[in-house]
Amino acid sequence: MLKKSFWLAAIAVMAIGILAACGGGKDKEESSKKAEETVTVEAKNFEFDKKEYKIPANKDVALKLENVDGNHALMIEGEDVNIQGGSSDVVNLKPGEYTIRCSVPCGNGHADMVSKLVVE
């Protein structure tokens, strides 16, 4: 009887986790539709497709990360942005220059996987 209760509890916890994860994705999808512009960043081992990206300041911009080769994620230093490959997030940044880095250890060249984001 104790084993059965344990397994039922474990299944219930897993179901709640799955439902919570599914709900979070919809909010990001809806916010991406509200963005005024979409900028796609392509990542491959061990570089982004551009050394510099430009986006407008103080506007909602969807940043989309596509993994061309390998498993990568995109983070913006100093901001609460961490986009997994194959997904996007809406950012609204003040003017300035930001550093973009891969946030997934992807091999020997990982530390060199850096680009610049110019917000003007």
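About the criteria used
- Residues numbered from 1 in each chain as written.
- Predicted model: local features only at pLDDT ≥ 70, side-chain atom pairs only at ≥ 80, totals over all residues.
- Heavy atoms only, no water.
- Salt bridge = Lys/Arg side-chain N within 4 Å of Asp/Glu carboxyl O.
- Helix = DSSP H or I, 4+ residues; strand = E, 2+ residues; numbered from the N terminus.
- Buried < 20%, exposed > 50% of the residue type's maximum accessible area, 1.4 Å probe, protein only.
- Pairing = 2+ DSSP bridges.
- Polar contact = N/O pair within 3.5 Å; in protein donor to acceptor, adjacent residues only side chain to side chain.
- Contact = heavy atoms within 4.5 Å.
- pLDDT = per-residue confidence, 0-100.

**Quick word on the pattern of salt bridges**
Step number 1: A complete count under the given rule lists five salt bridges for this structure.
Step number 2: Here Glu66 and Lys64 are joined by a salt bridge, their closest N and O atoms 3.5 Å apart.
Step number 3: In this structure, the salt-bridge partner of Glu97 is Lys116, at a minimum N-O distance of 3.7 Å. Of this pair, Glu97 sits in strand β8 (residues 96-102) while Lys116 sits in strand β9 (residues 114-119), placing them 19 residues apart in sequence.
Step number 4: According to the relative accessible area criterion, Lys116 is partly exposed, its value standing at 31%.

**A short note on the sheet that holds strand β1 (residues 37-44)**
Step number 1: As summarised here, the arrangement of the four strands in space is β2-β1-β4-β7, forming an open sheet in which the pairing is mixed. Unpaired on one side and paired on the other, β2 (47-48) and β7 (87-91) mark the two borders of the sheet.
Step number 2: As paired elements, β1 and β2 share two bridges and run antiparallel to each other. From the neighbouring strand, Ala43 faces β2, where its bridge partner is Phe48.

**Side note on the pairing of β8**
Step number 1: Relative to β8, strand β5 (residues 73-76) runs antiparallel, the two sharing three bridges. Opposite Leu74, over in β8, you have Cys102 as the bridge partner.
Step number 2: In terms of strand pairing, β8 meets β9 through six bridges, oriented antiparallel. From the neighbouring strand, Arg101 faces β9, where its bridge partner is Val114.

**Topic: the side chain of His72**
Step number 1: Along the polypeptide, His72 turns up in the loop between β4 (61-67) and β5.
Step number 2: Of the residues examined, His72 reaches a relative accessible area of 0% and is grouped as buried.
Step number 3: A polar side-chain atom of His72 sits 2.8 Å from the main-chain carbonyl oxygen of Asp69.
Step number 4: Look past the residues within four positions of His72 in its chain and what remains in contact with it is Ala43, Lys44, Asn45, Leu65, Asn67, Gln84, Gly85, Cys102, Val104, Cys106 and Met113.

**Re the confidence of the model for the chain**
Step number 1: When pLDDT is averaged along the chain, the result is 83; 72% of the residues meet or exceed 70.
Step number 2: Low pLDDT (under 50) marks residues 19-27, which in the prediction has zero contacts with non-local residues, meaning those over four places away or in another chain.

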